[in-house]
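# Geometric and topological summary
Chain by chain, the residues run as shown.
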Amino acid sequence: MISLVWFKRDLRIDDHGPLADAARHGAVLPVYIIEPDYWQQPDTSVRQWLFIEQSLQLLNQQLTALGQSLLVLKGPATQVLRQLCQEFPITQVLSHEETGNLWTFQRDLAVKQLLKELAIPWLQYQQHAVFRALKNRDLWAEQADTYLSGTLYPKPTALPFLCHSRQPLQPFRPHRALDLIPCSSAQTAFVLPDTLQSFFNYRAKDYSRHISLPDKAQHSSSRLSPYLAYGQLSLRALQQQTLRQIKQQAALSFGLSSFYSRLRWHCHFIQKLESDPLIETEALHPGYARLRKQDFNSDWFWAWSNGYTGYPLIDACMRSLLATGWLHFRARAMLVAFACYHLWLDWRPVALHLAQCFVDYEPGIHYPQIQMQAGTTGINPNRMYNPVLQSQQKDPQGHFIRRWCSELRLLPDSWLHQPWLMPLSLQRQYGCLLGTDYPMPVVDLQQAMRLAKQRITECKQQQDSEWWREQKHQVVQRHASRKRPSRPGVKSASSAGQLSLDLNE
Ligand SMILES: Cc1cc2nc3c(=O)[nH]c(=O)nc-3n(C[C@H](O)[C@H](O)[C@H](O)COP(=O)(O)OP(=O)(O)OC[C@H]3O[C@@H](n4cnc5c(N)ncnc54)[C@H](O)[C@@H]3O)c2cc1C
């Protein structure tokens, strides 16, 4: 009896249910499939592949040490699996459930059909606190707690040798007509142990204080997102480790507790896409279905996606993202809000560009977050960030801006956040001519904000309020958290400041 273990976004051997169970029942054929069609999808990019390629090298080393190396095969999953099932006496296929994009959703349906034809059972294991066919959110928090605090799967001690890897990790690069510039300093899959250790030893100390500061967040955030996205790290193992550390390390417990609550968001968001895969392409609240469908300004999209909007913090965030593949949460939210409110860009191309940029691209977090920041969920406030105030308060000395917008580096702090206000004589003095060395702002902030507000009001007037309420109720039933705020009546820091404006208020 041979069990085929299909690795997907779960590139590890610890707390890996399919591998652990398969190993208990006999021989295991561990397989990863490179699907060229997947790598042509508009939300994928070479930088994501490079991280996966490194993770596969590590996984292969770990599996080889157990006795059976990883088979990395290229082709459509149905074709590869059919061939393997003909070549080996496969009695079952085991994998984790995948909450991916619509392409992987369709691929899984095709694989299900194939394995049914071949009469080979496909056992799919839960990988996160994300539940298939969940009807509503009433019991989600309790179910999530049970899953996350559950016993971890043991690492297999040995795997019987079956065959050599026939295609030993041969170089593969997706051939894409258009792709982003290569990351000059992307996170690598090889540094997971150091990243974990340094976070739990000292970096977590400033987690809460620095999480929204562009120059500091890169150090004080956990930076564990790509390891979670491709499953090098088990989310529940990390949660359990965090709880232990909170008890053991008094000096870090404040930072670690707020990290712990962020970790809870991981599964909360992925559950949304699991329950409703169309979140990738359709507005969650149908009232917003046609919002921003017209008036797409491609010049503004180019300026935004390349970091040339004329707003220094926006441009610095985008350029940093293009170069490193990572941004902290607040900057991601601000980039989306600026694109979707100030520039009135449809959220779909915005989502695709950012997905390509993120090394840690996780569809289940990405699309629900994009819709939340673009104001199309119907259950979250329409939050518009003021990029000038954000800049003055989160990067007052402009360390981050100067690093990524080098044309602004000589400007004194007083002009840095609004360079367009500088007289021509000063522009010459500081070697930065507006409109030549650095762009003038693509839009006027106040006007853009007024227009966005007006357009949202008009959109809401197209249906009667009873209909809006009913649709909102349905979204709440399906997707909203049932958890009460820990201190009722106290607004969270993110919603309280004047750095962003809730258009609904
Ligand atoms: C528009 C937008 C798109 C995003 N797209 C992604 C994405 O594709 N992949 C991704 O991993 N995260 C995404 N996030 C969430 C968040 O910004 C990143 O998880 C975080 O910046 C990653 O850095 P970190 O691991 O150091 O975070 P930490 O703050 O150290 O958090 C630890 C982990 O908790 C989870 N987490 C943290 N914040 C959130 C959140 N707001 N929602 C859900 N889970 C969270 C992530 O798994 C993260 O790795 C997105 C946020 C926004 C606003």
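Residues numbered from 1 in each chain as written. Predicted model: local features only at pLDDT ≥ 70, side-chain atom pairs only at ≥ 80, totals over all residues. Heavy atoms only, no water.

### Comments concerning the domain arrangement of the chain
For the chain, the domain assignment lists domain 1 (2–127), domain 2 (191–273) and domain 3 (286–502). On the domain 3 side, the residues contacting the 21 residues of domain 2 number 23 residues. The largest per-residue losses of area from domain 2 upon contact with domain 3 belong to Pro214, Phe269 and Lys272, which jointly make up 28% of the total buried on that side. Counting the contacts that link domain 2 with domain 3 gives one salt bridge. Put simply, domain 2 and domain 3 have four residue pairs in polar contact (both at pLDDT 80 or more) between them. For the side of domain 2 that touches domain 3, the elements supplying multiple residues, two or more each, are helix H8 (214–220), helix H9 (225–229) and helix H11 (253–275). With seven residues, H11 is the largest single contributor of residues to the side of domain 2 that touches domain 3. (Domains from an automatic or database assignment. Contact = heavy atoms within 4.5 Å. Buried area = accessible area lost by both parts, 1.4 Å probe. Salt bridge = Lys/Arg side-chain N within 4 Å of Asp/Glu carboxyl O. Polar contact = N/O pair within 3.5 Å; in protein donor to acceptor, adjacent residues only side chain to side chain. Helix = DSSP H or I, 4+ residues; strand = E, 2+ residues; numbered from the N terminus.)

### Comments concerning helix H10 (residues 235–248)
In an α-helix there are 3.6 residues to a turn, and that puts residues three or four apart on one side. Its 14 residues place the ends of H10 20 Å apart at the C-alpha level, agreeing with the 20 Å of an ideal helix rising 1.5 Å per residue. Among the residues of H10, Leu235, Arg236, Leu238, Gln239, Gln240, Thr242, Gln245 and Ile246 are the ones counted as buried. At its buried positions, H10 is contacted by helix H5 (140–148), helix H6 (192–201), H9 and H11. (Expected span 1.5 Å × (residues − 1). Buried < 20%, exposed > 50% of the residue type's maximum accessible area, 1.4 Å probe, protein only.)

### Here we look at empty space enclosed by the protein
In the structure shown here, the tally under the stated rule is six cavities of 30 Å³ or more. Roughly 780 Å³ of internal volume is contained in the largest cavity. Together, 32 residues line the largest cavity, and Ser225, Phe329, Arg332, Asp360 and Ile365 are the ones closest to its centre. Those elements giving two or more residues to the lining of the largest cavity turn out to be H9, H11, helix H14 (329–342) and helix H16 (363–374). Top contributing element to the lining of the largest cavity by residue count: H11, with six residues. Here the lining of the largest cavity is composed, by residue class, of 19 nonpolar, eight polar and five charged. When residues of the lining of the largest cavity are sorted by domain, at least three fall in each of domain 2 (191–273) and domain 3 (286–502). (1 Å grid on protein atoms, 1.4 Å probe; cavity = no way out; pocket = protein on both sides within 12 Å on 5 of 7 lines; lining within 4 Å. Points joined across faces, edges and corners; volume = space filled by probe spheres on them. Nonpolar A, V, L, I, M, F, W, Y, C, P; charged D, E, K, R; others polar.)

### Quick look at the layout of surface pockets
In this model, the second largest pocket occupies a volume close to 410 Å³. If you trace the second largest pocket, you find 22 residues lining it, with Asp14, Leu192, Leu196, Gln232 and Leu233 closest to the centre. Secondary structure elements with two or more residues in the lining of the second largest pocket: helix H2 (46–66), H6 and H10. At five residues, the largest contribution of residues to the lining of the second largest pocket is made by H10. Looking at the lining of the second largest pocket residue by residue, the class counts come to 13 nonpolar, five polar and four charged. Each of domain 1 (2–127) and domain 2 (191–273) contributes no fewer than three residues to the lining of the second largest pocket.

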